[in-house]
Amino acid sequence: MRRMMAAFVALMLLAAPAVHAVQPDEIMADPVKEARARELSRELRCMVCQNQSIDDSDAPLARDLRLLVRERIAAGDSNSQVLDFLVARYGEFVLLKPRFERQTMLLWLLAPLLLAGGGFALWRQNRRRAQDGADVPTPPLTPDEQARLAALMSEDAKSS
Amino acid sequence: MIAEAGHYALVLALALALIQSFVPVIGARLRDPALMNVARSTALAQLLFVGASFVALVTLHVNSDFSVANVYENSHSMKPLIYKITGVWGNHEGSMLLWVSILALFGGLVAAFGNNLPLSLRAHVLAVQAWIASAFYLFILITSNPFLRIANPPIEGRDLNPVLQDIGLAVHPPMLYLGYVGFSISFSFAIAALLEGRIDAAWARWVRPWTLVAWIFLTLGIAMGSYWAYYELGWGGWWFWDPVENASLMPWLAGTALLHSALVMEKRNALKVWTILLSILTFSLSLLGTFLVRSGVITSVHAFANDPTRGVFILLILCLFIGGSLSLFAGRATSLKQGGLFAPISREGALVLNNLLLTVACAVVLFGTLYPLAMEVLADFKMSVGAPFYNLTFAPLFALLLLAVPFGPMLAWKRGDLLGVTQRLLAAGVAGLVVVAIVWGWTRGGSALAPLAIGLGVFVIAGAVTDIAERTGLFRLPFATTFHRARGLPRSAWGTAFAHAGLGVALIGIVCETTWNSEYIATMKPNDVAQVAGYELKLDGLLERQGPNYREMIAQFNVSHGGEALSVMTPSKRSFTTRGSSTTEAALLTRGASQLYISLGDVTADGAIAVRIYHKPFVLMIWWGPVLMAFGGMLSLSDRRLRVGAPKPARAKQRLQPAE
């Protein structure tokens, strides 16, 4: 049984990479620093994964980055210093929350611009329509529809 | 034989779709009823042939016919029957076949139940459906034929991706596609209206049930997918703002806006142009989603460039339909007359605000998904957009929307009384504030945001209750009268209340889970005890077991709370030999709306195992919310006024009355 178990474990290790994100051996002794590390991890991209943060990912690279973040925190870096360090090393690609820059300005300003633009358009339309006045009359029925209406009316008349 | 028959059925369906694309339109031009009626027969026949083709592929998978490439690549003879069937759409070719099958199903439904539609409108709608269908049949036949044979058939298949071997695959994709593809009906109606140059309140009445059906399925499909990811991926996340998820969220946002604007159009004959545009946009976003998921462009721009046939084909379809419909819209929209004036503060005004916020939210998701792609291609600037970005931009928009939700149904049409409504919502507002105070007092020192958000959720739920109470005269009138009124209340009013309350429920779940989730990560040996959120979990031991096409290692946990034994939880790790990959099967223990969640990691050399244990407070409310929304949608759909087709007069009842 024991040998089978060992063989099975070996098989598992061979077959699959780690299935866990944060590993027990990575966790920092100081819970405050660990919390900071987790918070930062959620904002950093695992660059070989598809849109996963290093906090969620099982990839070996994500683990390396998590350890690196903890190393920097242990060395006394502030949160933004850690991020700067990683950006200098891996580029803006590593940030899941892009910085407000020339290239990302449109992305960040989209929602307020659209809201303002939409609101303005609605206000103008409302004013214009208030000046235009009354409801537009509904279009007259087509001959087809008049025929159907007549048929329906006569049916109703028969049944009641 | 079966594969060839399935292939041939698909070719015949294409031929039928091509006939359906042109003959009815010509018929409408010539005002020839016989030609226009062709659409009905071809739509039904198309459903028959695509159905046959789909059944053929299912049969091949069930029989494990490995001479067919699609079966060889995605199946295994030892796979349980259910996964042999669901594996049909667990791959690119099969899922595209499911896509067109559902498209044919909707076309068939319009043909079968659209007797009340004016003949030319029905002909046009079915013709537009056939345009879409033709494009996708061609796509399947040219680039993604699921019936391709292998010259030298292998003995055994390569098995389905283990993550997909789950009951979730049986439900999630069909639901999602029923939603995605269901929006093709409102799209076809919009194009038909533009082609005919006529649109009125009756049009909205015909479109709304179809939109509602699609919306219900999409809502359930997204929620189901989210729960599947939650329990299958093994780390308890339920929404990742992944491009693939965004692809389904965008049509949902636009579709929700469409439901509300169609309401204004039906009741007040206003917002016509906007409703048409939303119909077009909603389905365009569905197509875009299909493109994003199916072309591989999201995984990496380079993967797309390496094997561009499929991607370019869908991109062509996308440009053709979106470009074509938008130019038609630009050309014809001005001829549609606006009707129904309303003051800014009115039910219509509230629905316009709803539409503005939903559309902006949708635009944010669209930009977040495509912006990095565009920047990489155009400016050679590699960047990422992930959860932290969406949390900052999407959340405020939804908070604004939720704040306005209770006001909408209580405002009067044309000109509303905001002050009056505010007074009537006072109780709901007070309920929200009391909850804010209680939660804040209870979690002293935490962030102020979470209690506020929970208060907002309570306000939305209480607002929905207030709306029903106001309509039925609850607490004001005798109970019998209230009961009578409640029974007489249109089902759509109940539907609105349930759907809106569902939003509040989901919000509370989301906030609780993200704020007060507790987590325990460690390596444990047998007889070790983990303490999480007041629960003690003792690892009894590890054992192994042979499944049908995998081996699994199971850890057994005894769970107790305050010394009282509760249950045994058995998370496991499965290793699939054929693909050489493994999955974690998390164990879940539900306590009210909260859950304990255990997933396993690796075994260390000395026999200890890495575990992750979470306590997720009120996590189930995240999915109860969408279920409530879908239930509200179904209630609304069962409303007599909205039944597919125009309501019929109650003749039977009339006959029983004495003659006058």
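Residues numbered from 1 in each chain as written. Chains lettered and ligands numbered in written order. Predicted model: local features only at pLDDT ≥ 70, side-chain atom pairs only at ≥ 80, totals over all residues.

Student: Teacher, can you tell me more about the overall build of chain B here?
Tutor: Within chain B one finds 21 helices and 10 strands. The C-alpha radius of gyration of chain B comes to 27 Å, within 12% of the 26 Å expected for a compact globule of 660 residues. Here the C-alpha coordinates of chain B stretch approximately 85 × 75 × 65 Å along the principal axes. When burial is assessed residue by residue, chain B has 53% of its 660 residues classed as buried. (Helix = DSSP H or I, 4+ residues; strand = E, 2+ residues; numbered from the N terminus. Rg over C-alpha atoms; globule rule 2.2 N^0.38 Å. Buried ≥ 20, exposed ≤ 12 C-beta atoms within 10 Å, placed from the backbone.)

Student: So what exactly am I meant to see when it comes to the overall build of chain A here?
Tutor: Helix and strand content of chain A: 6 helices and 0 strands. Along the chain direction, N to C, the helices and strands of chain A fall in the order α-α-α-α-α-α. In chain A, once contacts between residues fewer than 6 apart in sequence are set aside, the share between residues at least 24 apart is 49%. (Contact = placed C-beta atoms within 7 Å.)

Student: Help me understand the nonpolar core in this model?
Tutor: A general tendency of soluble globular proteins is for nonpolar side chains to be buried together. Residue and element names in this part refer to chain B. Val100, Leu103, Phe136, Leu253 and Ala361 are the most contacted members of the largest nonpolar core, which has 206 residues in total. If one sorts the elements of this core by residue count, helix 8 (residues 201-232) sits on top with 18 residues. Residues contacting Ala361, with those up to four places away along its chain left out, are Leu253, Phe394, Leu397 and Phe398. (Core = buried A, V, L, I, M, F, W, Y, C linked by C-beta atoms within 7 Å.)

Student: Would you mind showing me how to read the pairing of strand 4 (residues 551-561) of chain B here?
Tutor: Consecutive side chains along a regular strand alternate between the two faces of the sheet. Residues and elements named next belong to chain B. Pairing of strand 3 (residues 535-546) with strand 4 involves 11 bridges; the strand directions are antiparallel. Bridge pairing in strand 4 places Glu536 opposite Ser560. Hairpin connection from strand 3 to strand 4: 4 residues lie between these consecutive antiparallel strands. In this structure, strand 4 lies alongside strand 6 (residues 572-576), joined through 4 bridges in antiparallel fashion. What sits directly across from Met553, in strand 6, is Lys573. (Pairing = 2+ DSSP bridges.)

Student: I would appreciate a short explanation of the environment of B:Val511 in the present structure.
Tutor: Residue and element names in this part refer to chain B. Mapped onto the secondary structure, Val511 falls in helix 19 (residues 491-516). With 107 residues separating them in the primary sequence, Val511 and Phe618 have C-alpha atoms 9.1 Å apart. Once you skip the residues sitting within four places of it in the chain, Val511 turns out to touch Ala450, Ala453 and Ile454.

Student: Please explain the packing of helix 17 (residues 449-472) of chain B against helix 19 of chain B as it appears in this structure.
Tutor: Each pair of packed helices can be described by the angle between their axes along with the distance between the axes. Residues and elements named next belong to chain B. In the contact formed by helix 17 and helix 19, the axes pass within 8 Å of each other and the chain directions differ by 165 degrees. Accordingly, the angle class assigned to the pair helix 17 and helix 19 is roughly antiparallel. When the axes of helix 17 and helix 19 are compared, the crossing they make is left-handed. Residues Ala450, Ala453, Ile454, Leu456, Gly457, Val458, Val460, Ile461, Ala464, Asp467, Ile468 and Arg471 of helix 17 form the contact with helix 19, whose own contacting residues are Ala493, Ala497, His500, Ala501, Leu503, Gly504, Val505, Leu507, Ile508, Val511 and Thr515. Its residues assigned to classes, the contact of helix 17 with helix 19 comprises 17 nonpolar, 4 polar and 2 charged. (Axes fitted to C-alpha atoms, helices over the stretch in contact; angles between N-to-C directions. Parallel < 35°, antiparallel > 145°, perpendicular 65-115°, else oblique. Left-handed = near helix turned anticlockwise from the far one by under 90°. Nonpolar A, V, L, I, M, F, W, Y, C, P; charged D, E, K, R; others polar.)

Student: What is the right way to look at unusual backbone geometry in this model?
Tutor: Working note: non-glycine residues mostly have negative phi, and peptide bonds are mostly trans. Residues and elements named next belong to chain B. Backbone geometry at Arg31 places phi at a positive 55 degrees, although glycine is not the residue there. With respect to the helices and strands, Arg31 occurs in the loop between helix 1 (2-30) and helix 2 (33-62). The class for Arg31 is exposed, based on 11 C-beta atoms found within 10 Å. With a phi close to 70 degrees, Asp159 is a non-glycine residue in the positive phi region. By the secondary structure assignment, Asp159 is in the loop between helix 6 (119-143) and helix 7 (167-196). We classify Asp159 as buried; it has 24 C-beta atoms within 10 Å.

Student: Mind showing me how you'd approach the confidence of the model for chain A here?
Tutor: Low pLDDT means the predicted coordinates in that region are not meant to be read closely. All names here are of chain A. Across chain A, the average pLDDT comes to 78, with 78% of residues at or above 70. Put simply, helix 1 (residues 2-15) is where chain A has its lowest mean pLDDT, 38, and helix 4 (residues 79-90) is where it has its highest, 92. Below pLDDT 50 for its whole length, residues 1-19 participates in 28 contacts with residues either more than four positions away or in separate chains. (pLDDT = per-residue confidence, 0-100.)

Student: Explain helix 9 (residues 243-268) of chain B to me, please; I cannot follow it from the model alone.
Tutor: The periodicity of an α-helix, 3.6 residues per turn, causes residues three or four places apart in sequence to face the same way. All names here are of chain B. For helix 9, spanning 26 residues, the distance from its first C-alpha to its last is 37 Å, which sits close to the expected 38 Å at 1.5 Å a residue. Burial analysis of helix 9 places 23 of its 26 residues in the buried class, which makes it a mostly covered element. Just beyond helix 9, the residue with positive phi is Asn269, at close to 60 degrees. (Expected span 1.5 Å × (residues − 1).)

Student: Just to check I follow, could you spell out the sheet that holds strand 1 (residues 518-524) of chain B for this structure?
Tutor: In a beta sheet, neighbouring strands are held together by backbone hydrogen bonds and run either parallel or antiparallel to one another. Residue and element names in this part refer to chain B. Strands sit in the order 1-10-9-8 across an open sheet of 4 strands; the sheet is antiparallel. What marks the edges here is a single partner per strand, and that holds for strand 1 and strand 8 (587-591). Shown here is a sheet whose adjacent strand axes are inclined to one another by a mean of 15 degrees, direction ignored. Taken together, the 5 bridges between strand 8 and strand 9 (residues 594-603) define a ladder with antiparallel strand orientation. Paired with Thr590 across the two strands is Gln595, which belongs to strand 9.

Student: Please clarify how the pairing of strand 5 (residues 564-569) of chain B should be interpreted in this entry.
Tutor: All names here are of chain B. Counting buried residues in strand 5 gives 0 out of 6 residues, a small share hidden from the surface. As paired elements, strand 4 and strand 5 share 5 bridges and run antiparallel to each other. Opposite His561, over in strand 5, you have Glu564 as the bridge partner. Hairpin connection from strand 4 to strand 5: 2 residues lie between these consecutive antiparallel strands, with Gly562 at a positive phi of about 60 degrees.

Student: Honestly, helix 17 of chain B in this entry has me stumped. Any pointers?
Tutor: Spanning 24 residues, helix 17 of chain B covers 35 Å between terminal C-alpha atoms, matching the ideal 34 Å at 1.5 Å per step. Remark: B:Gly473 follows helix 17 of chain B within two positions and exhibits a positive phi of approximately 75 degrees.

Student: How should I be thinking about the packing of helix 2 of chain B against helix 6 of chain B in this particular structure?
Tutor: All names here are of chain B. At a minimum axis separation of 9 Å, helix 2 and helix 6 run at an interaxial angle of 45 degrees. Between helix 2 and helix 6, the crossing angle belongs to the class labelled oblique. Crossing hand, helix 2 versus helix 6: left-handed. Between helix 2, through Pro33, Met36, Ala39, Ala43 and Gln46, and helix 6, the contact on the second element is made entirely by Leu119, Ser120, Arg122, Ala123, Leu126, Ala127 and Ala133. Taken together, the residues that form the contact of helix 2 with helix 6 break down as 9 nonpolar, 2 polar and 1 charged.

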